[in-house]
Amino acid sequence: MSDCLFCKIIAGEIPSSIVYEDDTVFAFRDIDPQAPVHFLVIPKAHIPSCGAVTPENSAVVAHCFEVISQVTKEQGIESFRVVSNCGEQAGQSVPHLHFHVLAGRDLSWPPG
Ligand code: AMP
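Residues numbered from 1 in each chain as written. Predicted model: local features only at pLDDT ≥ 70, side-chain atom pairs only at ≥ 80, totals over all residues. Heavy atoms only, no water.

With that out of the way, let us pick up the packing of aromatic side chains. Taken as a whole, this structure holds 3 aromatic pairs when the rule is applied. Measuring from centroid to centroid gives 5.3 Å for F6 and F28, while their planes differ by 80 degrees, and the two rings are edge-to-face. Here F28 lies in strand β2 (residues 25-29) and F6 lies in helix α1 (residues 5-10), a separation of 22 residues in the sequence. Considered together, F6 and F28 belong to a single accessibility category, that of buried residues. Three or more aromatic residues joined by ring pairs form one cluster here, namely F6, F26 and F28. (Phe/Tyr/Trp six-rings, centres within 6.5 Å; stacked < 30°, edge-to-face > 60°. Helix = DSSP H or I, 4+ residues; strand = E, 2+ residues; numbered from the N terminus. Buried < 20%, exposed > 50% of the residue type's maximum accessible area, 1.4 Å probe, protein only.)

Dropping the structure here:
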């Protein structure tokens, strides 16, 4: 989608610190990290949020989680949190489905 920030990052129009890339999934470091490890895993296809996942597009969501498992293993990260904010009230600021991966400090629960 031409006016989507994350689609522009995938296209290389906006620079990012790439953690992983394949044909369908892209991962890059969050520009405003909330933990010593904080990267985002996103489908290359423009899916607006978790609320737009359907039987037709959900395979890439499973693949995002395979990537999360692979990258955390490669980085020696044993304990981590995965978060996906859906909608404004939940704190979603970029309307392109993304999974935050956070690690490297104690993470409180429940979140604020
Ligand atoms: P959310 O608020 O859940 O929609 O998450 C969006 C995330 O994107 C935030 O954690 C931002 O810090 C991050 N973000 C925004 N712009 C960029 C960028 N250019 N590069 C990397 N991360 C970004």
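Attention now moves to the side chain of Q92. The residue Q92 is located in the loop between β4 (81-83) and β5 (99-103) in this model. Owing to a relative accessible area of 13%, Q92 belongs among the buried residues under this scheme. Here the side chain of Q92 touches G87 through a polar contact of 2.8 Å, landing on its backbone nitrogen. There is a polar contact of 3.0 Å between the side chain of Q92 and the backbone oxygen of V94. With residues near it in sequence (within four places) discarded, Q92 still touches P48, S49, N85, C86, G87 and H98. (Polar contact = N/O pair within 3.5 Å; in protein donor to acceptor, adjacent residues only side chain to side chain. Contact = heavy atoms within 4.5 Å.)

Pairing is possible between side chains of opposite charge, provided their charged atoms come close. Tallied over the entire structure, the rule returns 1 salt bridge. One salt bridge in this structure joins K44 and E21, with 2.8 Å as the shortest N-O distance. Of this pair, K44 sits in the loop between β3 (37-43) and α2 (59-74) while E21 sits in strand β1 (residues 18-21), placing them 23 residues apart in sequence. (Salt bridge = Lys/Arg side-chain N within 4 Å of Asp/Glu carboxyl O.)

Looking now at the nonpolar core. Soluble, globular proteins show a tendency: their nonpolar side chains are buried together. Counting residues in hydrophobic clusters, the biggest one holds 18 residues, and the most contacted among them are Y20, V25, F39, V41, V67 and F99. For this core, the secondary-structure elements that each account for two or more residues are β2, β3, α2 and β5. Leave out the neighbours within four places in its chain, and F99 touches F39, L40, V41, C50, V61, C64, F65, I68, V82, V83 and S84. (Core = buried A, V, L, I, M, F, W, Y, C linked by side-chain atoms within 4.5 Å.)

Residues in contact with the ligand amount to 16 residues; listed here are only the nearest, D30, N85, S93, H98 and H100. In the environment of the ligand, an oxygen atom lies 3.1 Å from a nitrogen or oxygen atom belonging to the backbone of V94. Separating an oxygen atom of the ligand from a side-chain N or O atom of H100 is a distance of 2.8 Å. Considered on its own, the ligand offers 500 Å² of accessible surface; in the complex 84% of this is hidden by protein. For the ligand, the cavity whose grid points lie within 2 Å of the majority of its atoms is the largest pocket. Counting residues per element, the ones that place at least two in the shell around the ligand are α1 and β2. Here the shell around the ligand gets 3 residues from one element, more than from any other, and that element is α1. Here the shell around the ligand is composed, by residue class, of 7 nonpolar, 6 polar and 3 charged. (Near = heavy atom within 4 Å. Areas by Shrake-Rupley, 256 points an atom, 1.4 Å probe, with all protein chains shown as cover. 1 Å grid on protein atoms, 1.4 Å probe; cavity = no way out; pocket = protein on both sides within 12 Å on 5 of 7 lines; lining within 4 Å. Sits in = over half its atoms within 2 Å of the grid points. Nonpolar A, V, L, I, M, F, W, Y, C, P; charged D, E, K, R; others polar.)

What follows deals with the environment of E78. Relative to the helices and strands, E78 is located in the loop between α2 and β4. Considering only alpha carbons, one finds E78 and A59, 19 residues apart in sequence, at a separation of 25 Å.

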